[in-house]
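Understanding the architecture of this molecule
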Amino acid sequence: MIETARSFLGSPRFTQALTEAIVGIALAAFAVRTLLGWPGGIAVLSGLVVLAAVSLAAQPERVEWRGVLPVSLLALFSLITVSVIWSQYTWATLGGIAYAVAFAFLGVYIALVRDLIQLVRAVGNALRVILTVSFVLEVLSGVILDTPFLWIGITGDLADGGPVQGIAGTRNAFAFLGALAVLSFWIEYRTRSVSRGLTAYALALAGATIVFARSPVALLVLAAVLVVGLALVIIRRQEALARRATQSVLLISALVFAVLAWVFRGPLIGFVDAAADVAERTSVWSRVGDLVAQQPVLGWGWVGMWPTSVYPFSSIVASSGQQPESALNAYADVWLQLGLAGILVLIAALGLAFVRAWLVATDRRSTVYVWPALTLVLLATVSMTESYLLYEGGLLLFVTSAFAAARNRSWRGRFD
């Protein structure tokens, strides 16, 4: 009986099904919490963690001493954990730590039991379901019934051209899923993992998501991913000797572009019609800056998503009069919760992960190795206006992408 259970839990079919369930629930976490409430959402997450743990135990050959998280990620989660010592809200911090570690563990599980193309397929399958369900509900709400589905956060504006939220909760979150879908579906097409008909449907679905979400930040995020993707295409086609010179030029160009984008941020904001969103965000960032000044080095303590009834988060109100559930900027969020130490560790973890992913993407022949690098660009860019990187689906993607890059470009591999 034990051997039968072990064979089933460690089988490729079970790990594939569990991986797709993990990715789907992580990316649709808002819908899960809305339908089941926080207790139900935590119960589902706990069940996934238990299943992942027993599945991993059933296939110990998947775990090797080199198959561990990158040191920079370990440092980040270590800082998150020890922040309970100086936290101003101990119980909220303990809950936030458990929530973050659960998604990180699920990300490690996926990275251990699935290779990169299987991960991309899992993300693609999950996004096809999420986006399809979203548009079915949007059509029902905005076209057929002409009434909002407030129980899932859908306002029913599809007939007016948007903005639509799907089951993601906000138009920015929906647009983020659309951008991730474009990337994942394109990789599936390039690796011939799915049929052309399914690819055409998936890309049309992803494009409709971005268009109807009408997210003011989606254009800038997609532009960043597109630029990096084109750069990778150019470098991957060059000889090894020419790559260093090209990468140096690209690095200098990226720095110049970043400076110009900051100098001309006003016209850029006007171009994407994001003035209202920026006004709301700057009102939040201003209050966050005041709180950071009170605890600049180690922060107030980790919570992840904000408990809006707990001080100091209860004191932050946006210009719209609503209480935000995050700082609307992952870097400001980390600075508030973990201080200067946290922001330095996060930037180091993101930077090292991207450098490794970039080197792997330029060296390996298969297009699938481009996915971690572009996913990290997507997460790092959207983190300027949202905090998705720090919890749920964003955190899961961060861990799996960083792990995939480290596994293919880790200094620990030299000990073989």
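These notes cover the structure that comes with them. (Residues numbered from 1 in each chain as written. Predicted model: local features only at pLDDT ≥ 70, side-chain atom pairs only at ≥ 80, totals over all residues. Heavy atoms only, no water.)

**A look at the overall build of the chain**
Along its length, the chain carries 15 helices and zero strands. For the chain, the residues scored as buried account for 49% of the 416 residues in total. A fraction of 76% describes how many contacts in the chain between residues 6 or more apart in sequence connect residues 24 or more apart. Approximately 19,300 Å² of the chain is accessible, and the part contributed by carbon and sulfur atoms is 68%. (Helix = DSSP H or I, 4+ residues; strand = E, 2+ residues; numbered from the N terminus. Buried < 20%, exposed > 50% of the residue type's maximum accessible area, 1.4 Å probe, protein only. Contact = heavy atoms within 4.5 Å. Areas by Shrake-Rupley, 256 points an atom, 1.4 Å probe, with all protein chains shown as cover.)

**Describing the packing of aromatic side chains**
Counted by the stated rule, this structure contains 10 aromatic pairs. Ring centres 5.8 Å apart and planes at 50° place the aromatic pair phenylalanine 354 and tryptophan 358 in the tilted group. One end of the pair, phenylalanine 354, and the other, tryptophan 358, are both in helix 13 (residues 330–363), four residues apart, so they sit about a helical turn from each other. Looking at tryptophan 358, the relative accessible area reads 14%, which means it is buried. Aromatic ring contacts, followed pair by pair, group Trp38, Tyr99 and Phe103 into a single cluster. (Phe/Tyr/Trp six-rings, centres within 6.5 Å; stacked < 30°, edge-to-face > 60°.)

**A look at unusual backbone geometry**
Backbone torsion omega between tyrosine 311 and proline 312 reads 10°, so that peptide bond is classified as cis. Residue position: proline 312 is located in the loop between helix 12 (275–294) and helix 13. Positive phi is not limited to glycine here, since arginine 192 has a value of about 55°. Among the structural elements, arginine 192 can be located in the loop between helix 7 (171–190) and helix 8 (196–213). By relative accessible area, arginine 192 is classed as exposed at 76%. Even without being glycine, glutamate 392 reaches a positive phi, approximately 50°. Topologically, glutamate 392 is positioned in helix 15 (residues 392–408).

**Looking at helix 4 (residues 71–82)**
In this model, helix 4 (12 residues) spans 16 Å end to end at C-alpha, consistent with the 16 Å of a helix rising 1.5 Å per residue. Within helix 4 the residues assigned to the buried category are Ser72, Leu73, Leu76, Phe77, Leu79 and Ile80. Within helix 4, the buried residues cover an arc of 155° as seen down the axis, which keeps them to one side. (Expected span 1.5 Å × (residues − 1). Arc of directions from axis to C-beta.)

**Let's talk about the packing of helix 4 against helix 5 (residues 90–113)**
Packed helices, taken two at a time, are described by the angle their axes make and the gap between the axes. Two elements in contact, helix 4 and helix 5, have axes whose closest approach is 10 Å; the angle formed by their N-to-C orientations is 160°. As far as their axial angle goes, helix 5 and helix 4 are roughly antiparallel. With respect to the hand of their crossing, helix 4 and helix 5 are arranged in left-handed fashion. Across the interface between the two elements, Phe77, Ile80 and Thr81 from helix 4 touch Ile97, Ala100, Val101 and Ala104 from helix 5. By residue class, the composition of the contact of helix 4 with helix 5 is six nonpolar, one polar and no charged. (Axes fitted to C-alpha atoms, helices over the stretch in contact; angles between N-to-C directions. Parallel < 35°, antiparallel > 145°, perpendicular 65-115°, else oblique. Left-handed = near helix turned anticlockwise from the far one by under 90°. Nonpolar A, V, L, I, M, F, W, Y, C, P; charged D, E, K, R; others polar.)

**Some remarks on the nonpolar core**
In terms of nonpolar packing, the biggest core is built from 110 residues, with Trp371 and Phe398 touching the most fellow members. Here this core takes 13 residues from helix 5, the largest share from any one element. Residue contacts for tryptophan 371: discarding those within four places in its chain leaves Leu116, Leu119, Val120, Val123, Leu180, Leu183, Ser184, Ile187, Leu397 and Ser401. (Core = buried A, V, L, I, M, F, W, Y, C linked by side-chain atoms within 4.5 Å.)

**Some thoughts on the environment of isoleucine 154**
With respect to the element layout, isoleucine 154 can be found in the loop between helix 6 (116–144) and helix 7. Setting aside chain neighbours within four positions, we find isoleucine 154 in contact with Leu137, Glu138, Ser141, Pro148, Phe149, Gln165 and Gly166.

**Points about a nonpolar patch on the surface**
Residues Val136, Val139, Leu140, Val143, Ile144 and Leu145 make up a contiguous nonpolar surface patch of about 500 Å² in total accessible area. For valine 143, the position within the fold is in helix 6. (Patch = residues over 30% accessible without salt bridge, like charges linked within 9 Å, V, L, I, M, F, W, Y side chains within 5 Å. Salt bridge = Lys/Arg side-chain N within 4 Å of Asp/Glu carboxyl O.)

**A closer look at the environment of proline 324**
Relative to the assigned elements, proline 324 resides in the loop between helix 12 and helix 13. Proline 324 sits 16 residues away from threonine 308 along the chain, and the two C-alpha atoms are 7.6 Å apart. Residues contacting proline 324, with those up to four places away along its chain left out, are Val284, Trp306, Thr308, Ile316, Val317 and Ala318.

**Overview of the environment of alanine 218**
The topology assignment puts alanine 218 in helix 9 (residues 218–236). Given a relative accessible area of 8%, alanine 218 falls into the buried group. Sequence separation between alanine 218 and alanine 179 is 39 residues; the distance between their C-alpha atoms is 7.7 Å. Here alanine 218 is in contact with Ala175 and Ile210, once residues within four sequence places are set aside.

**A look at the pattern of salt bridges**
All told, the structure shown has three salt bridges when counted by the stated rule. The partner of glutamate 188 in a salt bridge is arginine 128, with the nearest N and O atoms 2.9 Å apart. Here the residue glutamate 188 occupies a position in helix 7, and arginine 128 occupies one in helix 6, the gap between them amounting to 60 residues. The same class applies to glutamate 188 and to arginine 128, which are both buried. Salt bridges linked by common partners bring Arg121, Arg128 and Glu188 together as one network.

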